[in-house]
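Coordinates in review
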Amino acid sequence: TEIEGLTGKLVFDSQGNRKNFSIEVVQTTVNSEMAKIAEWSAYGGLKLVPPNYRRVHQNNTDYENKTYIVTSILEEPFLMLRESEDGIVYEGNDRFEGYCKDLADLITNNLKIRYHLKLVNDSKYGGRDQNAAQSWNGMVGELVRQEADMAIAPLTITSARERVIDFTKPFMNLGISIMIKKPMKKNPSIFSFMNPLSKEIWMCIILSYFGVSVVMFLVTRFSPTECRFEETTRGTSVTNDFTLYNSLWFSLGAIMQQGVDVCPRLHKTLFQRNTETILGNKKFRKLYSAFACNRSYAGRIVGSVWWFFTLIIISSYTANLAAFLTVERMVTPINSVDDLAKQTEVEYGVLRDSSTQEFFKKSKIAVYTRMWEFMNSRPHVFVDSYKEGIRRVRDSKGKYAFLMESTQNDYNNERKPCDTMKVGRNLDAKGFGVATPLRSALRVPLNLAVLAFTENGDLTKLENKWWYDRSECKTSETQEKSQSSLTLYNVAGCFYILIAGLVLAMFVAFIEFVWRAKQEAKRNKV
């Protein structure tokens, strides 16, 4: 039997039992809605299905087609006064430009509302102030007193502010960072070719050079195979090629990767004795040189270990030489928050009545507590605006560091005169959010709008537009390209040594000439 019912066909078998039907299992959500969580049928049994929950908005359209007051604060690059072009005077919202202005345009277009952008009356972000109405000043105070409908500004989300106003999800993540004045670049000195090895290593190499030369002189002096017997008019004389002078020359040749005409030898062969009488012939002298090298066992050992030593030293020196000649190095006095806290020579401060000040004031971490005690004992380190703090960093000659949000730090480091830099990691993790009064009808739509902008990349485009596309400083890639080639200043020391060596050689040659002339004069009795 089939009957058409309200939910479809009703089918019964011959015994009156219903068949070919299914049952949906639903669950009541927090929004008092029914969400399907399972389905049962006579053939398939019970099957679980993923529930489809959704948010139910109350008064979803009450905020549309209205004009809202948006409070903000002048801070580059978030909000700036727009410069007039060709005599055009801008009015209303067009007077401003910046990240927050573009974000406000995105939000209002998404929510289909209008807005009037105004600057906060006291030029403050928002902190506790017993003298202010509702005990809060700045943009937070205006929202608490409902003098504005929302705040689109670099306003940090904190627990204290969250108690009196509502925030959306963060539209930008950041942290407290350290700004210092960029140290002057240290150009390589004229003797920068000596920098790959430390002074201690150079001293050890010099001592090793003289030590090896002395050992070479001693082992060849005591080795009988190094003795050479020569027949002279006065009789047979014993000579040794490895004098102290020749030993020094042999060791120096190994360091310079050059060959020398003296080597340890083992013994004289009959061939060598015969060739001694005909050494005036160049062919025989060359042949003799090949047979005369590396004949002493002790000398071979000393020469082998010295050659191995020089191989390692010169390879290490060559590997590091290019970096020291081409890279301009900067020595920063402060590299982390620990370095800043351990010293007192470089002062540091924060923005007065800001979330950064509250962070240090309430922190239980020993390093940050010590830093707060240092700042609190010196009230002059606090500043009333970011511009004042950045100006103090640039004018302090490296004696003042400013603790500020990383977003502002990154932006100002890309602005002329490009003399500031960020050091160390961020001290904390927080975010900027759009603020509204408590229980505002705009809070949920604003939250969804910010999440949508994050997912589709609109916020990333805005950040690139106002931070990095407007950079006034050279990027690291450009600096590396400009430093890829050596200048004369980098290798001037080599030329100085060459010139000094040539002058010394000319002076020694002149002394030798004069001395030999005097000896010849004495011999000839002139």
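Residues numbered from 1 in each chain as written. Predicted model: local features only at pLDDT ≥ 70, side-chain atom pairs only at ≥ 80, totals over all residues. Heavy atoms only, no water.

Considering the UniProt feature "binding site: L-glutamate" (unreviewed entry) in the protein
- The feature "binding site: L-glutamate" (unreviewed entry), as annotated in UniProt, sits at Pro154, Thr156, Arg161, Ser355, Thr356 and Glu405 in this numbering.
- If you trace the backbone, threonine 156 turns up in the loop between β11 (150–151) and α3 (159–162).
- Setting aside residues up to four positions removed in sequence, threonine 156 forms contacts with Arg161, Phe167, Ser355, Glu405, Lys430, Gly431 and Phe432.
- With respect to the helices, strands and loops of the structure, arginine 161 is situated in helix α3.
- Take arginine 161: its relative accessible area is 3%, and that puts it in the buried class.
- Contact partners of arginine 161, with chain neighbours within four places excluded, come to Tyr125, Gly126, Trp136, Val140, Leu155, Thr156, Phe167 and Ser355.
- A distance of 2.9 Å separates a polar side-chain atom of arginine 161 from the backbone oxygen of threonine 156. (UniProt positions renumbered as here; feature names shortened; annotations may be inferred. Helix = DSSP H or I, 4+ residues; strand = E, 2+ residues; numbered from the N terminus. Contact = heavy atoms within 4.5 Å. Buried < 20%, exposed > 50% of the residue type's maximum accessible area, 1.4 Å probe, protein only. Polar contact = N/O pair within 3.5 Å; in protein donor to acceptor, adjacent residues only side chain to side chain.)

Thoughts on the nonpolar core
- Ile178, Leu340, Phe360, Met371, Met375 and Leu403 are the most contacted members of the largest nonpolar core, which totals 48 residues.
- For this core, the secondary structure elements donating two or more residues are α2 (138–144), β12 (165–167), β14 (176–181), α9 (337–342), α11 (366–376), α12 (386–395), β18 (400–405) and β19 (420–423).
- Looking at this core, the element that brings in the most residues is α11, giving six residues.
- In terms of domain composition, this core takes at least three residues from each of domain 2 (64–175 + 432–477) and domain 3 (178–185 + 330–428).
- Grouped together as the second largest cluster of nonpolar side chains are 33 residues, Leu103, Ala104, Leu111 and Trp466 included. (Core = buried A, V, L, I, M, F, W, Y, C linked by side-chain atoms within 4.5 Å. Domains from an automatic or database assignment.)

Digging into the UniProt feature "site: Interaction with the cone snail toxin Con-ikot-ikot" (unreviewed entry) in the protein
- Sites flagged by UniProt as "site: Interaction with the cone snail toxin Con-ikot-ikot" (unreviewed entry) map to Arg128 and Lys361. These annotated residues cover 234 residues of sequence, and their C-alpha atoms lie no more than 13.1 Å from one another, placing them together at a single site.
- Along the polypeptide, arginine 128 turns up in the loop between β10 (114–119) and α2.
- Taking relative accessible area as the criterion, arginine 128 reaches 53% and is therefore assigned exposed.

Remarks on the pairing of strand β5 (residues 34–41)
- By the bridge criterion, seven bridges tie strand β4 (residues 22–28) to β5 in an arrangement that is antiparallel. Bridging from a neighbouring strand, threonine 28 pairs with methionine 34 of β5.
- Across four bridges, β5 lies against strand β6 (residues 45–48) in antiparallel orientation. Looking across to β6, one finds that glutamate 39 is bridged to lysine 47.
- Counting the residues that bridge the hairpin from β5 to β6 gives three residues. (Pairing = 2+ DSSP bridges.)

Some points on the state of the cysteines
- Enumeration according to the criterion identifies one disulfide in this entry.
- Each disulfide pairs two cysteine sulfurs, and for cysteine 418 the partner residue is cysteine 473, the sulfurs being separated by 1.8 Å. Between cysteine 418 and cysteine 473 the disulfide shows an S-S torsion of about -100 degrees. By sign, it is left-handed. Note that cysteine 418 is positioned in the loop between α13 (406–413) and β19 and cysteine 473 in the loop between α15 (458–468) and α16 (476–482), a separation of 55 residues in sequence. (Disulfide = S-S within 2.5 Å.)

What about α15?
- Every buried residue of α15 is listed here: Leu459, Leu462, Trp466 and Trp467. Taken around the axis of α15, the buried residues stretch over an arc of 105 degrees, which confines them to a single face.
- Those residues of α15 that are buried are in contact with β8 (80–81), β9 (96–97), α1 (99–111), β13 (172–174), α13 and α14 (443–456). (Arc of directions from axis to C-beta.)

Quick word on the packing of α13 against α15
- In contact at an axis separation of 9 Å, α13 and α15 are set at 45 degrees when each is read in the N-to-C sense. It follows from the interaxial angle that α13 and α15 lie oblique. Residues Thr407, Asp410 and Tyr411 of α13 touch α15, and the partners they reach there are Trp466, Trp467 and Tyr468.
- The residue makeup of the contact of α13 with α15, split by class, is four nonpolar, one polar and one charged. (Axes fitted to C-alpha atoms, helices over the stretch in contact; angles between N-to-C directions. Parallel < 35°, antiparallel > 145°, perpendicular 65-115°, else oblique. Nonpolar A, V, L, I, M, F, W, Y, C, P; charged D, E, K, R; others polar.)

Regarding a nonpolar patch on the surface
- Together, Phe191, Met194, Leu488, Phe495, Tyr496, Ile497, Leu498, Ile499, Leu502 and Val503 make up an exposed nonpolar region whose accessible area comes to about 1,000 Å².
- On the basis of relative accessible area, phenylalanine 191 is assigned to the partly exposed category, the value being 36%. (Patch = residues over 30% accessible without salt bridge, like charges linked within 9 Å, V, L, I, M, F, W, Y side chains within 5 Å. Areas by Shrake-Rupley, 256 points an atom, 1.4 Å probe, with all protein chains shown as cover. Salt bridge = Lys/Arg side-chain N within 4 Å of Asp/Glu carboxyl O.)

Comments concerning the environment of alanine 153
- Within the secondary structure, alanine 153 is located in the loop between β11 and α3.
- Given the relative accessible area of 0%, alanine 153 is considered buried.
- Residues alanine 153 and lysine 101, spaced 52 residues apart in sequence, show a C-alpha to C-alpha distance of 9.0 Å.
- Setting aside anything within four residues of it in sequence, one finds alanine 153 in contact with Ser72, Ile73, Cys100, Met139, Phe171 and Gly433.

Some details on α12
- Of the positions making up α12, those classed as buried are Tyr386, Gly389, Ile390, Arg392 and Val393. The buried residues of α12 occupy an angular sector of 155 degrees when projected down its axis, which confines them to one face. For α12, exposure combined with an orientation more than 90 degrees from the buried face picks out Lys387 and Asp395.
- The first or second residue beyond α12 is lysine 397, which carries a positive phi of 55 degrees.

Details of the environment of glutamate 142
- By secondary structure assignment, the location of glutamate 142 is in helix α2.
- Taking relative accessible area as the criterion, glutamate 142 reaches 2% and is therefore assigned buried.
- Residue contacts for glutamate 142: discarding those within four places in its chain leaves Thr71, Lys118, Val120, Asn121, Glu147 and Ala148.
- A polar contact of 3.0 Å, which involves the side chain of glutamate 142, links it to the side chain of threonine 71.

Observations concerning the confidence of the model for the protein
- On average, residues of the protein score 81 in pLDDT, and 80% of them reach the 70 mark or higher.
- Considering each helix and strand of the protein separately, the mean pLDDT is smallest for helix α7 (residues 282–292), with a value of 39, and largest for β11, with 96.
- Note on residues 265–292: pLDDT is under 50 here. Beyond four places in sequence and across chains, it has 40 contacts. (pLDDT = per-residue confidence, 0-100.)

Focus on the sheet that holds β6
- Reading across the sheet, the three strands line up as β4-β5-β6 and stay open at both edges, with antiparallel pairing between neighbours. Whereas interior strands pair on both sides, the edge strands pair on one side only; in this sheet they are β4 and β6. This sheet shows a mean twist of 30 degrees between the axes of neighbouring strands, independent of strand direction.

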